[in-house]
Amino acid sequence: MRSVAFLLAFISSAFAYQVLSPGGAQGWTNHGAQLLTWQRVDTDRLNFTALLTNQNITGFQPQVLAALVDGTLGKANMNPPSGGWPTGDHFRVNLVQDATDLNSILAQSTEFSITEGTSTLSSTVASSSTTGASLPLTATETPTTDTGSDSSPTSPITVPTSGATSQLNVQTGLLALMSVMGLVLA
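Residues numbered from 1 in each chain as written. Predicted model: local features only at pLDDT ≥ 70, side-chain atom pairs only at ≥ 80, totals over all residues. Heavy atoms only, no water.

Caption draft 1: Examining the overall build of the protein chain more closely. For the protein chain, the count of helices and strands is 2 helices and 13 strands. For the protein chain, buried positions account for 25% of its 186 residues. Sequence-distant contacts in the protein chain: of pairs separated by 6 or more residues, those separated by 24 or more amount to 55%. A total of about 12,400 Å² of accessible surface is found on the protein chain, and carbon and sulfur atoms cover 58% of it. (Helix = DSSP H or I, 4+ residues; strand = E, 2+ residues; numbered from the N terminus. Buried < 20%, exposed > 50% of the residue type's maximum accessible area, 1.4 Å probe, protein only. Contact = heavy atoms within 4.5 Å. Areas by Shrake-Rupley, 256 points an atom, 1.4 Å probe, with all protein chains shown as cover.)

Caption draft 2: Inspection of the side chain of Asp 44 at higher detail. The topology assignment puts Asp 44 in the loop between strand S3 (34-39) and strand S4 (47-53). Buried within the structure, Asp 44 lacks any salt-bridge partner; Arg 40 is the closest side chain of opposite charge, at an N-O distance of 4.9 Å. Of note is the side chain of Asp 44, whose polar atom sits 3.0 Å from the backbone nitrogen of Tyr 17. (Lys, Arg positive; Asp, Glu negative; His and termini not counted. Salt bridge = Lys/Arg side-chain N within 4 Å of Asp/Glu carboxyl O. Polar contact = N/O pair within 3.5 Å; in protein donor to acceptor, adjacent residues only side chain to side chain.)

Caption draft 3: Quick peek at unusual backbone geometry. In the segment running from Ser 21 into Pro 22, the intervening peptide bond is cis, with an omega of 10°. Residue position: Pro 22 is located in the loop between strand S1 (18-21) and strand S2 (28-29). With a phi angle near 55°, Leu 68 is a residue other than glycine that sits in the positive phi range. Here Leu 68 lies in strand S5 (residues 63-70). Overall, Leu 68 belongs to the exposed group, its relative accessible area being 65%. Even without being a glycine, His 90 presents a positive backbone phi close to 70°. Position of His 90 among the secondary structure elements: in strand S7 (residues 88-98).

Caption draft 4: Highlighting the sheet that holds S3. Across the sheet, 3 strands lie side by side as S1-S3-S6; this open sheet has antiparallel pairing. Taken across any chain shown, the strands that pair with only one partner, and hence form the sheet edges, are S1 and strand S6 (75-78). Averaged over all pairs of adjacent strands, the angle between strand axes in this sheet comes to 35°, irrespective of strand direction. Examined bridge by bridge, S3 and S6 share 4 bridges and lie antiparallel to one another. When the bridges of S6 are listed, Leu 36 appears paired with Ala 76. (Pairing = 2+ DSSP bridges. Axes fitted to C-alpha atoms, helices over the stretch in contact; angles between N-to-C directions.)

Written out as structure tokens, the structure reads:
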């Protein structure tokens, strides 16, 4: 009887949630939102919580990346945790039952790395509402500190990037396109 129960449990686990990425050679970077993909079957829960874990880093606390993720979508962008993406090896993403039950694992990715990535932030920030002037903002600018006649560079500014930045770029681009079309049609 026990062998039948074990066999049924094994078979049902073969058809449950499965994390497709990240994992193995397909890791994440520490810049912006990162893509999580998975497969599910109709009998799986409709939603889950995505949890970033690493048992090889002493003192690393599991971090909830997203709660109530719609499991029927098959993919979702995971925004960085509150302190930003950690870097290193041996990370895993666990799909767990919910944010209050982090130990009920529905699926687990294979180990992957989160590496230093490069940011190519190229959004425009309005500098004045009256002049309409704009100032490009890049992630590699180095500020200077004015100490009288001698200026010395300080450490580079780290500009966090996220999915909101890419949305801003798309919205700004669409607005510019609509403005040009309005001028052409006028």
